[in-house]
Amino acid sequence: MIAITDIADLIYKDCKAFGISELYQIGNIPKGKVNTERIVVYPKTQQPDTYWEKGYVEVDLCVPLSKSGNADLTRLGELAREAKKMFKSEVVNQYDGTWYKYVSKGTKIEEDKELCCYYVNVKLLFEVLNVN
C-alpha cells in the first residue's frame, strides 16, 4: 500500500533531478517571500477505483522575481522545458511491493503575489495499483 506521504516522497526524490537545492513537501514549506528557486510538491487526495487509485500531484517550480520586480521569463521557460522533458513519458515503478505510475497532465506558469514569485506548475496524474 502506498500512502499519500509516500507519493509525496516519490515525487520529491524524482524532482531532485532539476538541481534546485530547496525542495519542500506540503507541511514543511517555509513562510515568507521566495528569495531563491524552490520546488514544492503538493499531493492531492487519492480516489479509489476498481484497479487504480487515482489522484493528482502538483509540482511547483518557483522562481523569485527579478531585481526589477518582474517575472524571470527566461528561467521560467527553461524550467518549463525541463519539466516537459522530465515528465513527458509515463513513469512506472514499484514501491514497497506496490506498483504505481504517473504522467504529466499539463504545465502552466502562475504568479503568487504573496510569495513574490512566479512558478511553473506541473500537474501529475499519480496512480497506485489497487489489486493484489
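Up top you'll find the structure we're talking about.
Throughout, residues of each chain are indexed from 1 in the direction in which the sequence is written. Two thresholds apply to this predicted model, a pLDDT of at least 70 for residue-level local features and 80 or more for giving and counting side-chain atom pairs, whereas whole-chain, interface and lining totals are computed over all residues. The side-chain figures draw on all heavy atoms in the structure; neither hydrogens nor water molecules are used.

(A) Representation of the packing of aromatic side chains. Put simply, two rings from Phe, Tyr or Trp (the six-membered ring, in Trp's case) pair if the centres are within 6.5 Å, and we call them stacked under 30 degrees between planes, edge-to-face over 60, tilted for the rest. Tallying each qualifying case throughout the model produces 4 aromatic pairs. Geometrically, the ring pair formed by Tyr100 and Phe126 is stacked, given 5.3 Å between the ring centres and 10° between the ring planes. With Tyr100 in strand β5 (residues 98-112) and Phe126 in strand β6 (residues 117-129), this residue pair connects regions lying 26 residues apart in the sequence. Taken together, the ring pairs connect Phe18, Phe87, Tyr100, Tyr102 and Phe126 into an aromatic cluster. Geometrically, a lysine NZ or arginine CZ counts as sitting over a ring once it is within 6 Å of the ring centre and also within 35 degrees of the ring normal. Over the ring of Trp52 we find Lys101, and its NZ or CZ is 4.4 Å from the ring centre. Per the convention used, a helix needs a DSSP run of H or I reaching at least four residues, while a strand needs a run of E reaching at least two, with both numbered from the N terminus.

(B) Region of interest: helix α1 (residues 4-15). Given a rise of 1.5 Å per residue, 12 residues ought to cover 16 Å, and the 17 Å separating the end C-alpha atoms of α1 matches this to within 8%. Listed in full, the buried residues belonging to α1 are Asp6, Ile7, Ala8, Leu10, Ile11 and Cys15. To estimate the expected span of a helix, subtract one from its residue number and multiply by 1.5 Å. Here the term buried applies to any residue with accessible area under 20% of the maximum for its type, exposed to any over 50%, and partly exposed to those in between, with areas from a 1.4 Å probe on protein chains only.

(C) Structural detail: the nonpolar core. Definition of nonpolar core: a set of buried residues of the types Ala, Val, Leu, Ile, Met, Phe, Trp, Tyr and Cys, connected through side-chain atoms within 4.5 Å. By size, the foremost hydrophobic cluster in this structure holds 26 residues, and its most contacted members are Ile11, Phe18, Val59 and Phe126. Broken down by secondary-structure element, the contributors of at least two residues to this core are α1, β2 (38-43), β3 (52-64), α2 (73-86), β5 and β6. The dominant element in this core, judged by the number of residues it contributes, is β6, at 5 residues. If we ignore the near neighbours within four places in the chain, the residues touching Phe126 are Ile7, Leu10, Ile11, Gln46, Glu53, Lys54, Gly55, Val57, Tyr100, Lys101 and Tyr102. Counting residues in each nonpolar core, the second largest holds 5 residues, with Val34, Val40, Cys62 and Cys117 among its members. Throughout, a residue-residue contact means that at least one pair of heavy atoms, one from each residue, lies within 4.5 Å.

(D) A look at the sheet that holds β5. Two strands are said to pair when DSSP picks up at least two bridges between them. One open sheet accounts for 6 strands, arranged β1-β2-β3-β6-β5-β4; its pairing is mixed. Whereas interior strands pair on both sides, the edge strands pair on one side only; in this sheet they are β1 (22-25) and β4 (91-95). This sheet shows a mean twist of 25° between the axes of neighbouring strands, independent of strand direction. Looking at chain direction, β1 and β2 are connected through 4 bridges and run parallel. When the bridges of β2 are listed, Tyr24 appears paired with Val40. Note on method: axes are straight lines fitted to C-alpha atoms, helices fitted across the in-contact stretch only, with angles between N-to-C directions ranging 0 to 180 degrees.

(E) Up close: the state of the cysteines. Criterion for a disulfide: a pair of cysteine sulfur atoms within 2.5 Å. As enumerated under the stated definition, the model contains 0 disulfides in all. Not part of a disulfide, Cys62 finds its nearest cysteine sulfur in Cys117, a span of 4.5 Å. Exposure remark for Cys62: the relative accessible area of 5% places this residue in the buried category. With no disulfide of its own, Cys116 has Cys117 as its nearest cysteine by sulfur position, at a separation of 7.8 Å.

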